[in-house]
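Inside the fold
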Amino acid sequence: MRIRAFFRSSLLVSFSCALLVAVAFVAPAAAAPHTLDFDNDPAAATITPGFKSYSSGSTTVTDRIFRDGLGREVAFSGWNVSGEVKHVESGFKPFHSLAHADEAFDTMGEQAGSNIVRFTLAWEGVNPSPGVIDYAYLDAISAQIKSAIRNRMYVLVDYHQDNYSRYMFRPDSWYTGAANDFWHNRKINGKYVQTEFLWQLEVALKHIKSKLSAAEWSYVVGVDPWNEPFDGGFDLFQSAAQWERTYLWPFHKRVRARADAAGWNTKPVFAELLVFWNSLLGTIAPATGGFNINETPGQRYVFNSHLYDQARMGISSTPINNGTYFGNVDQVRDVSRRWQSPPFISEFGAPLGGSGAKDEERSRNAVHQAMEIGDRMHAKDRYADAYTPLVSGTEWHWDYYWNRHHEYFNFGTNLLSAGDAWNGENFSAIGYEPAFKFNLDSRNVQRIYPRRTQGDVMSFHYANRATDNAGQAMNWSVLRPRGAGTEYMRGNEFALHVWRGRAGDAPTELFVPNAYVPGDLAVITEKQTLGATAITASPSGAANEVMLTRDLGRRSPAAAGNRLLVWDDADAGESATTWHYALVFKKNGSTWTPAQLATLQSQLNDTIQTRMQSPIYLTGAMTASGYPGESAP
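The structure reproduced in this document is the subject of the present report. Every value quoted in this text rests on a predicted model; they were computed, and no experiment measured them. (Residues numbered from 1 in each chain as written. Predicted model: local features only at pLDDT ≥ 70, side-chain atom pairs only at ≥ 80, totals over all residues. Heavy atoms only, no water.)

1. Quick notes on the sheet that holds strand S25 (residues 546–550)
Hydrogen bonds between backbone atoms are what pair the strands of a sheet, whose relative direction is either parallel or antiparallel. We apply this condition: In this description, strands pair whenever DSSP reports at least two bridges between them. Every helix listed is a DSSP run of H or I at least four residues long, and every strand listed is a run of E at least two residues long, numbered separately from the N terminus.
With antiparallel pairing, seven strands are arranged side by side in an open sheet as S1-S2-S3-S18-S22-S26-S25. Single-partner strands in this sheet number two, and they are strand S1 (47–56) and S25.

Dropping the structure here:
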């Protein structure tokens, strides 16, 4: 395996120390020298739970988040790899071979800049028959996990059985009733089935950890023990809430105990609720809530949700417009606050080739939008909220074998090769036919996002201007600084990142895809304006500097994206409540003079730092009622 130099040190930072760093504020002092030494600091790779609070008027909310060992808030953006694990052709692995895994992760790193993968494995692969563990399977899985880590991608280990039988669709198979048997821990083939699952889970987690170095182990974020829990039929007179309290939550606690026994005690359990908890199918499959657990899970768990628009994937013809999924992602935030656990959306996406209400470009972009910004903390005036917790997630999915599978349906004679070759699904954002290609507008895959933030994230928004399947650009936002009477960025791709305070000297880091030509970029912070001249590619020693450098850990640095690093130095007059921002935008060949950049900076400083409001103005058709018509700037 090709393990890069940054894994040479294995020092880990303790949970308690990380939390102290996370909440501390560095008093004003002389600026620390700006170096890239933090990149190889083992503490930077260590992820621990943290929290932040925000007050608006009489309302205060506390949100659980991820932090690194340097105190920075961490956001994750990545993909599931992949539905291939459901196939016999791969031996229930995401990839047939390590060479395929290397190619897939190298390409994902270069093209999407992902910093996390939800790495699927199968119970059937680990535990092919009662009482038997396939250690060769676990060795192959561990090697493929290392391939992701080599690209500096964090790994969420995900048990992705859709139950414990290959025969998903045959009415005469032993699949019938399997879910109900599992939750009731019935005896199957001489074994109590849930007990058997928990036994093999502990063995598998222990074995995977044993195959990783201490530095690699830092890049494992946790375990997702059961994909999309389904009850298999409630008991007589039982409700969804009772089922979750009686069967699902005790299962997650048993998983927590087994993970602890396997040495995963510092890694959260990414716990999912009943699959229909946030269903969009109405009376066909009504939502079951999300507030059914009587206990408070806390930060040894992550609230792990999926978000699919089943209604539009079915018969609904309601258009997907600006703000369509604001309410749905706010539900995820609300449950995570109730749990006192960080939120994570481990699956979202839409089938390829749709139109109208089924347009996958609009659906995916709208979910990303809602994971970033919201509109519920003030009147619907078309401005985004000043504060919206950024929700991390992994999209479904990155299928290296898309449209070239070789899977026989239920071990029969019907050969499946098209799309995902599973249940008629066709979700993969990419394919190789034979060369790499995007199945979506590349701007919906190659997204700017903040990986690390020097303080607490207040909001982030990326306007990518991707087009839908009808050829329309999704121009859903512009910049309208308050009180300025001026509009900016209509038609320009831009990202605005806003944070509060600082937790240390390591900089804020935004990933900028390789589609962005450095010479066509402009950056404005509250202290810097860059774009009339080139952005430096190495630390210069200037106060509060901004630099643009190639992404780390990639196969071909020349093909990779860039990292925008923004240092906020501990300047006099600043405190833990001082707001900071970085605006990144494409100039689209236009010439921005220093005076124009300074004018925009002044207006943003007034809106963001003085007023503590958002300059993001939502344009075009809005999904929810109550919005006024779009006004002139």
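After that view, the rundown keeps rolling.
2. So, the sheet that holds strand S21 (residues 494–500)
Heads up, the condition is: By the convention used here, residues are in contact when the closest approach between their heavy atoms is within 4.5 Å. Every angle, taken between N-to-C directions, lies between 0 and 180 degrees, and every axis is a line fitted to C-alpha atoms, over only the stretch in contact when it is a helix.
Judged by pairing direction, the sheet is antiparallel, and its five strands sit side by side in the order S19-S21-S27-S23-S24 without closing on themselves. At either end of the open sheet lies a strand with only one pairing partner, and these are strand S19 (456–463) and strand S24 (529–530). As judged from the two bridges shared by strand S23 (residues 521–525) and S24, these two strands associate in the antiparallel manner. Looking across to S24, one finds that Ile524 is bridged to Thr529. Along the sheet, helix H13 (residues 594–610) makes contact with S21, S23, S24 and strand S27 (579–586), crossing S27 at roughly 140°.

3. Some words on the pairing of S21
We apply this condition: Buried means the residue's accessible area, taken with a 1.4 Å probe over protein chains only, is under 20% of the maximum for its type, while exposed means over 50%, and partly exposed covers the values in between.
The buried fraction of S21 is high, at seven of seven residues. The pairing of S19 with S21 spans seven bridges and is classified as antiparallel. Bridge assignment links Val457 to a residue of S21, and that residue is Trp499. Relative to S27, S21 runs antiparallel, the two sharing seven bridges. Bridged to Arg500 within S27 is Trp579.

4. Concerning the side chain of Glu216
Keep this limit in mind: Here a polar contact means two N or O atoms within 3.5 Å. Within protein one must be a hydrogen donor candidate and the other an acceptor candidate, and residues neighboring in sequence count only if both atoms are side-chain atoms.
Note that Glu216 resides in helix H8 (residues 214–217). Only 2.8 Å separates the side chain of Glu216 from the side chain of Lys146, close enough to count as a polar contact. Separated by 2.8 Å, the side chain of Glu216 and the backbone nitrogen of Ser213 make a polar contact.

5. Notes on the packing of helix H11 (residues 326–339) against helix H12 (residues 360–372)
Two packed helices can be described by the angle between their axes and the distance between those axes. Our working definition: Roughly parallel covers angles under 35 degrees, roughly antiparallel covers those over 145, roughly perpendicular covers 65 to 115, and oblique covers all other angles. Left-handed describes a crossing whose near helix is turned anticlockwise from the far helix through less than a right angle; right-handed describes the clockwise counterpart. The residue classification treats Ala, Val, Leu, Ile, Met, Phe, Trp, Tyr, Cys and Pro as nonpolar and Asp, Glu, Lys and Arg as charged. All others, Gly included, are polar.
In contact at an axis separation of 8 Å, H11 and H12 are set at 45° when each is read in the N-to-C sense. Classified by the interaxial angle, the pair formed by H11 and H12 is oblique. Viewed along their axes, H11 and H12 form a crossing whose handedness is right-handed. Packed against H11, whose contacting residues are Phe326, Val329 and Arg333, the element H12 presents Gln369, Ala370, Met371 and Glu372 at the interface. Within the contact of H11 with H12, the residues separate by chemical class into four nonpolar, one polar and two charged.

6. Digging into H13
For clarity, the threshold we go by: A helix is expected to span 1.5 Å multiplied by its residue count minus one.
With 17 residues, H13 extends 22 Å from end C-alpha to end C-alpha; this agrees with the ideal 24 Å at 1.5 Å per step. Within the sequence span of H13, burial applies to Leu597, Leu600, Gln601, Gln603, Leu604, Asn605, Thr607 and Ile608. Met612 occupies a position one or two residues after H13 and carries a positive phi of about 55°.

7. With respect to the nonpolar core
Rules: What makes a nonpolar core is a set of buried Ala, Val, Leu, Ile, Met, Phe, Trp, Tyr and Cys residues whose side-chain atoms join them at distances within 4.5 Å.
Core analysis: the biggest nonpolar cluster contains 131 residues, and Phe105, Trp264 and Leu583 have the highest contact counts within it. Among residues more than four places away in sequence, those in contact with Leu583 are Leu479, Met489, Phe494, Ala495, Leu496, Ala522, Val523, Ile524, Leu600 and Leu604. Core analysis: the second largest hydrophobic core is formed by 21 residues, Tyr462, Val523, Leu564 and Ala582 among them.

Remember, this is a structural readout, not a statement about activity or role.
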